[in-house]
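Breakdown of the fold
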Amino acid sequence: MNVMLTKHEQILQHILDLDVGSKISVRQIAKDLTVSEGTAYRAIKEAENQGIVSTIERVGTIRIERQAKSNIEKLTFAEVVNIVEGQVLGGRAGLHKTLHKFVIGAMKLEAMMRYVDAGSLLIVGNRVNAHELGLKAGSAILVTGGFDTEEEVKRLADELELPVISTSYDTFTVATMINKAIHDRLIKKDIVLASDILIPIDETHYLYQHDKVQRWHELNQQTMHSRYPVVDQGNRVTGVVTSKDIIGVPVSMQVEKVMTRSPLTVTEKTSVAACAHMMIWEGIELLPVIGTSHKLIGILTRQDVLKAMQMMQKQPQVGATFDDLITTELKEQKVDNETTYFCKITPQMTNHLGTVSYGVLMTLVTETARKALRKIKKGDLVVENVTFYYIKPVQIDSDIELIPRVLEVSRKFGKVDVEIHHDGKIVGKAMMMAQLLDHRS
């Protein structure tokens, strides 16, 4: 079936067809495709969200390569410009290229060049010889301290399509900023998204609004599945139909009349954890995954989501989140057949008053309650709510003890009481309620 593209989709397709490195603007897109500047602006923003264009201060918006998730820890030179708030002195045509390592030029020239090769980013001050040699070795240059470089170096950068970037920050600060950006990407890489586990549209089945209920019966016989998304003529999701909806319904009736309208949907970038919570909370077995203009691009099943959650627990953590840094401080200890947890309040865990922050306390309570539930029932869980009944300030460098007690646990539900002690006195009391994910579902 031929599906007419909306103006928004036509602009996105136009941007995808551009060569990597092309510069685009709202005004030019509006003129080329005869659309309003508002429509062009919204489409360019969507393209930026999808990772196919990048906007750089004092340079503009350029078409970049969409990075595969397996390569997410690598940055383009365009992104480096944004990170270090830099200015491009030359080689703009190479801003879309990806760097695979950076080299700090804090040694003699000959020694430095042993570490520089194609795809590197050489971070160096106002050493013009190093700028020139680095470019000839295939490396982009990041000049720190706000220095400029010679015109000959800029011409060489343009010729080789290798960026020369200037930043006002010093070398140490720049290296720290880039390291943090890469670390943040490693954390994102570990987060499993709907796009990682969805069943693509060409490998699944769906119904059109105008289909008869008979079509549901045919698909049910063919696939043994009972739930299907419903789309309109433009492949936009308008409903979901299940076996409950068609009980006692004539086979000649249109699907549109029996489907559940305005179903819950997710996008490719929705995390699997969020999908799991949605499915369990709402009691649904299938989630349509939508792309641009609400169009169906695939589906998620409850079974696949829970399986992915199970696998996530077995994956090694590459980038440490704040929660990881906090929970690594927890030490387990058994006292009189009761498991308790000890933790020292480090400076990073405190607020501006020097007492433990509420966010940190919430993380510690949640983690100890999780651990207590997992000792009784294996598997994953989704926190439904945490209620604090009592909190006293806990000073920096204090040692606290967390005592979790499981009050109730069933196949799908758990309730845990957590007491927080310091110097033998209760300084906090909370209760966590969670939904347990049954992987056999």
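This write-up is about the structure you can find in this document. Only a predicted model underlies this, so the values are computations on that prediction, with no experimental measurement involved.

Our focus in this paragraph is the overall build of the chain. Helices and strands together make up the secondary structure of the chain, namely 15 helices and 24 strands. For the chain, the C-alpha atoms occupy an extent of roughly 80 × 70 × 35 Å along the three principal directions. Out of the 441 residues belonging to the chain, those deemed buried represent 44%. Sequence-distant contacts in the chain: of pairs separated by 6 or more residues, those separated by 24 or more amount to 56%. Surface summary for the chain: the accessible area is close to 23100 Å², and the carbon and sulfur share equals 51%. Considering the chain, the positive charge centre built from 53 side chains and the negative charge centre built from 54 side chains are found 3 Å apart.

The strand order across the open sheet built from 4 strands is 11-18-17-16, with neighbouring strands paired in mixed fashion. In this open sheet, the two edge strands, each paired with only one partner strand, are strand 11 (199–200) and strand 16 (266–267).

Moving on to helix 12 (residues 272–282). Listed as buried for helix 12 are Val272, Cys275, Ala276, Met279 and Ile280. Considered in projection along helix 12, the buried side chains sweep an arc of 120° and stay on one side of the axis. Just beyond helix 12, the residue with positive phi is Gly283, at close to 65°.

For the rest of this paragraph, the subject is unusual backbone geometry. With a phi angle near 55°, Thr34 is a residue other than glycine that sits in the positive phi range. Within the fold, Thr34 resides in the loop between helix 2 (26–33) and helix 3 (37–49). For Thr34, a relative accessible area of 67% gives the class exposed. A positive phi angle is found at Asp397, which is not glycine, with a value near 70°. Position of Asp397 among the secondary structure elements: in the loop between strand 21 (380–391) and strand 22 (399–409).

Further remarks concern the sheet that holds strand 14 (residues 237–241). Taken together, the 4 strands give an open sheet; going across it, the order is 12-13-14-15, and neighbouring strands pair in mixed fashion. Both edges of this open sheet fall to strand 12 (207–208) and strand 15 (260–261), since each of them pairs with a single strand only. The sheet contact formed by strand 12 and strand 13 (residues 228–231) spans 2 bridges and is parallel. Across the sheet, the residue bridging to Tyr208 is Val231, located in strand 13. On the sheet, helix 10 (residues 213–223) packs against strand 12, strand 13 and strand 14 and is oriented at approximately 145° with respect to strand 13.

On to the packing of helix 2 against helix 3. Remark: helix 2 packs on helix 3, axes separated minimally by 8 Å, with the N-to-C direction vectors making an angle of 115°. Like other packed secondary-structure pairs, helix 2 and helix 3 cross with a definite hand, here right-handed. For the pair helix 2 and helix 3, contact is made by Val26, Arg27, Ile29 and Ala30 and by Glu37, Ala40, Tyr41 and Ile44, respectively. Residue composition of the contact of helix 2 with helix 3, grouped by class: 6 nonpolar, no polar and 2 charged.

Taken as a class, soluble globular proteins show a tendency for nonpolar side chains to be buried jointly. Formed by 27 residues in total, the largest nonpolar core has its most connected members in Leu364, Ile400 and Leu402. For this core, the secondary structure elements donating two or more residues are strand 20 (338–344), helix 15 (358–376), strand 21, strand 22, strand 23 (413–422) and strand 24 (425–437). Among the elements that take part in this core, helix 15 stands out by supplying 7 residues, more than any other. Setting aside chain neighbours within four positions, we find Leu402 in contact with Leu330, Thr340, Tyr341, Cys343, Leu364, Val365, Thr368, Val418, Glu419 and Ile420. Core analysis: the second largest hydrophobic core is formed by 20 residues, Val88, Leu99, Leu142 and Ala181 among them.

Thresholds applied
Residues numbered from 1 in each chain as written. Predicted model: local features only at pLDDT ≥ 70, side-chain atom pairs only at ≥ 80, totals over all residues. Heavy atoms only, no water. Helix = DSSP H or I, 4+ residues; strand = E, 2+ residues; numbered from the N terminus. Buried < 20%, exposed > 50% of the residue type's maximum accessible area, 1.4 Å probe, protein only. Contact = heavy atoms within 4.5 Å. Areas by Shrake-Rupley, 256 points an atom, 1.4 Å probe, with all protein chains shown as cover. Lys, Arg positive; Asp, Glu negative; His and termini not counted. Charge placed at Lys NZ, Arg CZ, Asp CG, Glu CD. Pairing = 2+ DSSP bridges. Arc of directions from axis to C-beta. Axes fitted to C-alpha atoms, helices over the stretch in contact; angles between N-to-C directions. Left-handed = near helix turned anticlockwise from the far one by under 90°. Nonpolar A, V, L, I, M, F, W, Y, C, P; charged D, E, K, R; others polar. Core = buried A, V, L, I, M, F, W, Y, C linked by side-chain atoms within 4.5 Å.

In short, shape yes, function no, at least from these values alone.
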